[in-house]
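# A structural walkthrough
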Amino acid sequence: MKALHFGAGNIGRGFIGKLLADAGIELIFADVNQAVLDALNARHQYPVHVVGEQAQVETVTGVSAVNSSSDEAIALIAEVDIVTTAVGPQILERIAGSIARGLAKRSDSANSRPLNIIACENMVCGTSQLKQHVLAALPENYHAWIEQHVGFVDSAVDRIVPPGEAGSNDPLEVTVETFSEWIVDKTQFKGELPTIPGMELTDNLMAFVERKLFTLNTGHAITAYLGQLAGHQTIRDAILDPAVRAVVKGAMQESGAVLIKRYGFDAEKHAAYIEKILGRFENPYLKDDVERVGRQPLRKLSAGDRLIKPTLGTLEYQLPHDNLVTGIAAAMHYRSALDPQAQELEALLNSVGPQAALAQVSGLDANSEVVAAVVKAYAVMP
Ligand SMILES: NC(=O)C1=CN([C@@H]2O[C@H](COP(=O)(O)OP(=O)(O)OC[C@H]3O[C@@H](n4cnc5c(N)ncnc54)[C@H](O)[C@@H]3O)[C@@H](O)[C@H]2O)C=CC1
Ligand SMILES: O=P(O)(O)OC[C@H]1O[C@](O)(CO)[C@@H](O)[C@@H]1O
């Protein structure tokens, strides 16, 4: 089997690419970072530091790399059995053009072996969104062939992989936690289901996607936003602050109450899931900055993402949401000189004020009770 993986970043090298290579699949990364491409092609291997109680360095071997918009990448799409991505939600549209050209070439060369494409991003149905971008970039006469031969498989991906330590000058080295979970929708595959250790198949993906995004990511984001307000640099320091932890845990419980109602999760098991996540945030072996986890606040404050979507669920089922409201207010205070979305948010707040800014960014009704509650919480934050 042969795979092309877009995005040789933290999740690409530290999680998805590692699982593919460990499964004996010939793996080629597609990226735009020349230093990373050169290093992968010079060494064909890289170290993954798996940190936890029993730390170990695992070497991923037999890998190579191409530029993601090169003719080589397009030729590979025409040839491989699996394409995966971990590039960031906003980049999916950009790589869709290369994928479309590769699929056209595959169809033109009458390669009718099934191909499965799996986007591994923090978003609901990321692969289905990628599929729409790919179809939009392809002439209509290819669409029926794509439907027949190409599986667009949605997935949920969970492993905390911060950027490498500033002290390391190896562009390939990556540090990961021991925990990992990659769950894919088995109903969307074309051809035989692959057997890749570490990839779990389900026919109930939406429950897993929402469980992960609206528990881990909800709690993580609020830890970052409240952590920054309290002057903490890292997620660990923030979650060890009792005032931050109380709100984070409360918000995960509020979001969890929605998930339990919607998907029938067992309440006790869900409480244990929350505790495990709090322990992962505390991981003493990872240095994870609040600025990484809080990045792109406009995306994180959008209607379908980790703060607003669970809050909408609490409104739907008439459940408490005070801690989620505090988290949303803290997100509106997020500032980062390195993050264009943080600056855009600040400019919007300065020009139209918190009530209109929140309504614009989140799609919430400006005159709703929940927006009024967030604005009230926002006003009393330092
Ligand atoms: N880091 C983490 O702990 C986790 C991240 N995720 C998700 O995984 C995705 C990737 O995140 P990270 O690996 O942390 O980001 P990253 O920034 O470390 O990696 C992204 C990679 O994509 C590459 N890239 C950018 N434009 C590209 C293009 N046009 N073609 C090909 N490659 C391109 C970048 O050069 C970089 O190597 C995101 O959607 C994130 O939400 C999900 C779970 C955990
Ligand atoms: O990658 P995003 O969506 O910006 O959000 C950061 C989040 O992703 C993760 O890196 C992995 O799920 C979390 O650590 C964090 O909640």
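Note that the structure is predicted; figures quoted are calculated from it, not measured.

### Digging into the UniProt feature "domain: Mannitol dehydrogenase C-terminal" (unreviewed entry) in the protein
In this numbering, the UniProt entry assigns the feature "domain: Mannitol dehydrogenase C-terminal" (unreviewed entry) to residues 204–379. Summarising residues 204–379: 73% helix, 0% strand, and an end-to-end C-alpha distance of 41 Å.

### Observations concerning the site of ligand 2
Taken together, Asn122, Arg159, Ile160, Lys212, Leu216, Asn217, His220, Arg292, Arg295, Arg299, Lys300 and Arg306 are the residues near ligand 2. Lysine 212 places a polar side-chain atom, nitrogen or oxygen, 2.9 Å from an oxygen atom of ligand 2. Within the contact set of ligand 2, an oxygen atom lies 3.0 Å away from a side-chain nitrogen or oxygen of arginine 306. Protein chains shield 93% of the accessible area of ligand 2, which is 380 Å² for the free molecule. Considering every element that reaches the shell around ligand 2, the biggest residue donor is helix H7 (residues 205–229), with 4 residues. A class-by-class count of the residues in the shell around ligand 2 yields 2 nonpolar, 3 polar and 7 charged. Each of domain 1 (2–202) and domain 2 (207–379) accounts for three or more of the residues forming the shell around ligand 2.

### Brief notes about the domain arrangement of the protein
The parts lose accessible area when they come together, and the size of an interface is often stated as this lost area. Structurally, the protein comprises domain 1 (2–202) and domain 2 (207–379). Each of domain 1 and domain 2 has a C-alpha centre, and these two points are 28 Å apart. With 25 residues of domain 1 in contact, the opposing surface of domain 2 contributes 23 residues. Each partner contributes to the roughly 1,900 Å² buried at the junction of domain 1 and domain 2, and carbon and sulfur atoms together form 60% of this total. Considering only the surface of domain 1 that becomes buried against domain 2, Asn122, Val124 and Ile160 emerge as the three largest contributors, covering 27% of it. Across the pair arginine 280 and aspartate 158 runs a salt bridge, and its minimum N-O distance is 2.9 Å. The set of elements that each furnish at least two residues to the side of domain 1 that touches domain 2 consists of strand S9 (155–158), strand S10 (174–177) and strand S11 (181–185).

### Overview of the sheet that holds strand S12 (residues 199–202)
Here we have 3 strands laid out as an open sheet, ordered S9-S11-S12, and mixed in their pairing. Looking along the sheet, the strands with just one partner apiece sit at the ends: S9 and S12. For this sheet the average axis-to-axis angle between neighbouring strands, irrespective of direction, equals 20°. As defined by bridge partners, S9 adjoins S11 across 4 bridges and the pair is classed as antiparallel. In the sheet register, serine 155 faces S11, and the bridge partner there is valine 184. The strands touched by H7 within the sheet are S9, S11 and S12, with S9 carrying the most contacts at an inclination of about 35°.

### A word on the packing of aromatic side chains
Scanning the entire structure with this criterion turns up 3 aromatic pairs. Both rings, one in tyrosine 225 and one in tyrosine 334, keep their centres 5.2 Å apart while their planes meet at 70°; by these two values the pair is edge-to-face. One end of the pair, tyrosine 225, is in helix H7; the other, tyrosine 334, is in the loop between helix H14 (322–332) and helix H15 (340–362), with 109 residues separating them in the sequence. Each member of the pair tyrosine 225 and tyrosine 334 is classed as buried. For arginine 211, the ring lying beneath its charged end belongs to tyrosine 273, and the centroid distance is 4.2 Å.

Reading the values: the criteria
Residues numbered from 1 in each chain as written. Chains lettered and ligands numbered in written order. Predicted model: local features only at pLDDT ≥ 70, side-chain atom pairs only at ≥ 80, totals over all residues. Heavy atoms only, no water. UniProt positions renumbered as here; feature names shortened; annotations may be inferred. Helix = DSSP H or I, 4+ residues; strand = E, 2+ residues; numbered from the N terminus. Near = heavy atom within 4 Å. Polar contact = N/O pair within 3.5 Å; in protein donor to acceptor, adjacent residues only side chain to side chain. Areas by Shrake-Rupley, 256 points an atom, 1.4 Å probe, with all protein chains shown as cover. Nonpolar A, V, L, I, M, F, W, Y, C, P; charged D, E, K, R; others polar. Domains from an automatic or database assignment. Contact = heavy atoms within 4.5 Å. Buried area = accessible area lost by both parts, 1.4 Å probe. Salt bridge = Lys/Arg side-chain N within 4 Å of Asp/Glu carboxyl O. Pairing = 2+ DSSP bridges. Axes fitted to C-alpha atoms, helices over the stretch in contact; angles between N-to-C directions. Phe/Tyr/Trp six-rings, centres within 6.5 Å; stacked < 30°, edge-to-face > 60°. Buried < 20%, exposed > 50% of the residue type's maximum accessible area, 1.4 Å probe, protein only. Lys NZ or Arg CZ within 6 Å of the ring centre and 35° of its normal.

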